[in-house]
Amino acid sequence: MDTTQLKICQSCGMPMQEDQYGTGQDGAKTDMYCCYCYKGGAFTQDCTMEEMVNFCAPFEVEGGRSKTLEEAKAGLMQYFPTLARWKA
């Protein structure tokens, strides 16, 4: 798979293929957020950035991108503020 063309969810940081895009209020796909974070024009979870970090960290370890949960959380706390949902 060519990852250079993948969009990144601006909420959870997941690389997305088109079938993983979220949807707007009108049901149209949006490449800004994934289907797990954004459906029908709204976020699926009302959470803080820290809560999203805690939710996503195990996936980083499972995927081999981090060795420990602590390492994953530290990395995500650095990365998430660069995503549109979490920018101040």
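Whatever comes next refers back to the structure up there.
Residues numbered from 1 in each chain as written. Predicted model: local features only at pLDDT ≥ 70, side-chain atom pairs only at ≥ 80, totals over all residues. Heavy atoms only, no water.

Novice: What is the right way to read the pattern of salt bridges from this model?
Specialist: Where charged atoms of side chains with opposite charge meet at close range, the side chains can pair. Under the definition given, this model contains 2 salt bridges. Of the charged contacts in the structure, one is a salt bridge between Asp31 and Lys7, with a shortest N-O distance of 3.4 Å. With a gap of 24 residues between them, Asp31 in strand 4 (residues 29-34) and Lys7 in strand 1 (residues 7-8) connect regions that are remote in the sequence. Residue Glu60 pairs with Arg65 through a salt bridge whose shortest N-O separation is 3.3 Å. (Salt bridge = Lys/Arg side-chain N within 4 Å of Asp/Glu carboxyl O. Helix = DSSP H or I, 4+ residues; strand = E, 2+ residues; numbered from the N terminus.)

Novice: Quick question: what am I supposed to make of the packing of aromatic side chains here?
Specialist: Note on aromatic pairs: each is described by the distance of the centres and the angle between the planes. What the rule picks out here adds up to 5 aromatic pairs. Note on Tyr33 and Tyr38: the rings are 5.0 Å apart at their centroids and 35° apart in plane angle, and the pair reads as tilted. The burial state of Tyr33 is the same as that of Tyr38; both residues are buried. With a centroid separation of 4.9 Å and an interplanar angle of 80°, the aromatic rings of Tyr33 and Phe43 are classed as edge-to-face. Taken together, the residues span a long stretch of sequence, with Tyr33 in strand 4 and Phe43 in strand 6 (residues 42-43) at a distance of 10 residues. Through pairs of rings, three or more aromatic residues link up here, namely Tyr33, Tyr38 and Phe43. (Phe/Tyr/Trp six-rings, centres within 6.5 Å; stacked < 30°, edge-to-face > 60°. Buried < 20%, exposed > 50% of the residue type's maximum accessible area, 1.4 Å probe, protein only.)

Novice: How should I be thinking about the state of the cysteines in this particular structure?
Specialist: By definition, a disulfide is the covalent link that joins the sulfur atoms of two cysteine residues. A complete count under the given rule lists 0 disulfides for this structure. The thiol of Cys12 is not disulfide-bonded; the next cysteine sulfur, from Cys9, is found 3.8 Å away. What makes Cys12 buried here is its relative accessible area of 15%. Cys56 forms no disulfide, and the closest cysteine sulfur to it belongs to Cys12, at a distance of 5.2 Å. (Disulfide = S-S within 2.5 Å.)

Novice: Would you take a moment to explain the side chain of Ser11 for this structure?
Specialist: Following the sequence through the fold, Ser11 ends up in the loop between strand 1 and strand 2 (15-16). Residue classification places Ser11 among the buried residues on the basis of a relative accessible area of 0%. In terms of polar contacts, Ser11 uses its side chain to reach the side chain of Arg85, at 2.9 Å. Ignoring anything within four residues of it in the chain, the contact list for Ser11 reads Tyr33, Cys37, Phe43, Met52, Phe80, Leu83, Arg85 and Trp86. (Polar contact = N/O pair within 3.5 Å; in protein donor to acceptor, adjacent residues only side chain to side chain. Contact = heavy atoms within 4.5 Å.)

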